[in-house]
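Reading the structure
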Amino acid sequence: MKVNVDLPKNGYEIVIENGAIQKVGTWLSQLWKAQKVAVITDNHVGSLYASQVVKILESKGFTVVSYEFLEGEASKNLTTVQKVYEFLAKNGMTRSDGILALGGGVVGDLAGFVASTYMRGIHFVQVPTSLTAQVDSSIGGKTGVNTLYAKNMVGTFAQPDGVLIDPEVLRTLGQRELIEGMGEVIKYGLIEDPALWEELEGMDGSIESIYDHAESLIAHSCQVKRKMVVEDELDQGIRLYLNFGHTLGHAIEATAGYGQVMHGEAVAIGMVQVTKVAEAKGLVQAGLTQAIRQMCQKFSLPVEFHSWDKQELYQALTLDKKARGNQLNLVLVPEIGTCQIHPVPLEEMRDFLN
């Protein structure tokens, strides 16, 4: 299956196909002429796929170098970025060369940020290997790294030249790493796609059911993401809907210590908490909190954060990128398949931490 992200400038195609990683050389040769390619990955994904991808690319005439950094959210910072810059410079990477991001969301966000800033920008592609990256972070051109203060505080908008998604690689993920991606999938059903929500309702929540439905779940999610990116590339309007659950989710990730609570887990907790308070305020449909909670629990996602510190979380919220002055644009789902922006004074956000 192919999904076209038909932007006015820098449009590209998402390819979703079982076994696609075996065809990465043919795919890339259709996008780029023969050139030097830096494969950026982490040590875990690298041990599984890097040598294979390098050989395939070399067989198509590309000159390939690869760089691995330590896996995990804790590596997604400017220190790692500096090391990658040095690697690219030492290997003679120029503006006519490109980067292939091979990995999950951390790899894709960091490699995309490097590509968008090295020599003021070189081209790159995404080959996401985690469910979270396949349904969300590899699409739409958001790149970035974390600071001590907030997640993704330093970043750019830079669209890739293409995204290659192979659902079969999900079978090499650990159970927790696979399940956390379902937080983003559930979000897509809630904000825009009732048919996806119905498909999730029909699943039994097992790992095998995720494998069996992977191609469909990814396709549904990519279609929603594509629509919102095309309508609002720079995150000024409808694209903010994609942040449902993320306002609190990012605060949870930051206060827990990066990597302690995985992104999709934090999103699940955030969706439940925000909806619970919004339901109490009469802002969303009665019973919606329970529906979201049950769906998350079916897929073994957490719905509570056990290190809840209201003051720490509030401080993290003040650094949220959706904040405008003393107001924060909170995303709410009034009912399944609909979404809205609810401006909230920052001080009132304390209510959503109760």
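An unreviewed UniProt entry lists the protein under the name 3-dehydroquinate synthase, with Streptococcus australis ATCC 700641 given as the organism. In the Subcellular location (unreviewed entry) part of its UniProt record, the protein is described as follows: "Cytoplasm". Regarding the protein, the relevant UniProt record gives this comment under Sequence similarities (unreviewed entry): "Belongs to the sugar phosphate cyclases superfamily. Dehydroquinate synthase family."

Moving on: the pairing of strand 5 (residues 98-103). Extensive coverage of strand 5 is indicated by the burial of six of its six residues. Relative to strand 5, strand 3 (residues 36-42) runs parallel, the two being bridged by four bridges. The residue of strand 5 that forms the bridge with Ala38 is Ile99. Bridge analysis of strand 5 against strand 6 (residues 123-128) gives six bridges, and the strand direction is parallel. Directly across from Ala101, in strand 6, lies its bridge partner Gln126.

Domain parsing of the protein yields domain 1 (2-172) and domain 2 (183-353). Just the C-alpha atoms count here: the centres of domain 1 and domain 2 sit 25 Å apart. Each side of the interface is counted separately: domain 1 has 34 residues, and domain 2 has 31 residues. Carbon and sulfur atoms make up 64% of the area that domain 1 and domain 2 hide from each other, which totals about 2800 Å². Three residues, Val135, Lys151 and Arg171, lead the burial of domain 1 against domain 2; their summed loss comes to 21% of the area buried on that side. Between domain 1 and domain 2 we count five salt bridges in total. One salt bridge connects Asp136 with Lys187, and the closest N-O pair in it is separated by 3.4 Å. At the boundary of domain 1 with domain 2, the tally comes to 11 residue pairs in polar contact (both at pLDDT 80 or more). Contributing elements (two or more residues each) for the side of domain 1 that touches domain 2: strand 1 (2-5), strand 2 (12-16) and helix 5 (131-137). Examining the composition of the side of domain 1 that touches domain 2, we find that six residues originate from one element, helix 5, more than from any other.

Basis of the calculations
- Residues numbered from 1 in each chain as written.
- Predicted model: local features only at pLDDT ≥ 70, side-chain atom pairs only at ≥ 80, totals over all residues.
- Heavy atoms only, no water.
- UniProt positions renumbered as here; feature names shortened; annotations may be inferred.
- Buried < 20%, exposed > 50% of the residue type's maximum accessible area, 1.4 Å probe, protein only.
- Helix = DSSP H or I, 4+ residues; strand = E, 2+ residues; numbered from the N terminus.
- Pairing = 2+ DSSP bridges.
- Domains from an automatic or database assignment.
- Contact = heavy atoms within 4.5 Å.
- Buried area = accessible area lost by both parts, 1.4 Å probe.
- Salt bridge = Lys/Arg side-chain N within 4 Å of Asp/Glu carboxyl O.
- Polar contact = N/O pair within 3.5 Å; in protein donor to acceptor, adjacent residues only side chain to side chain.

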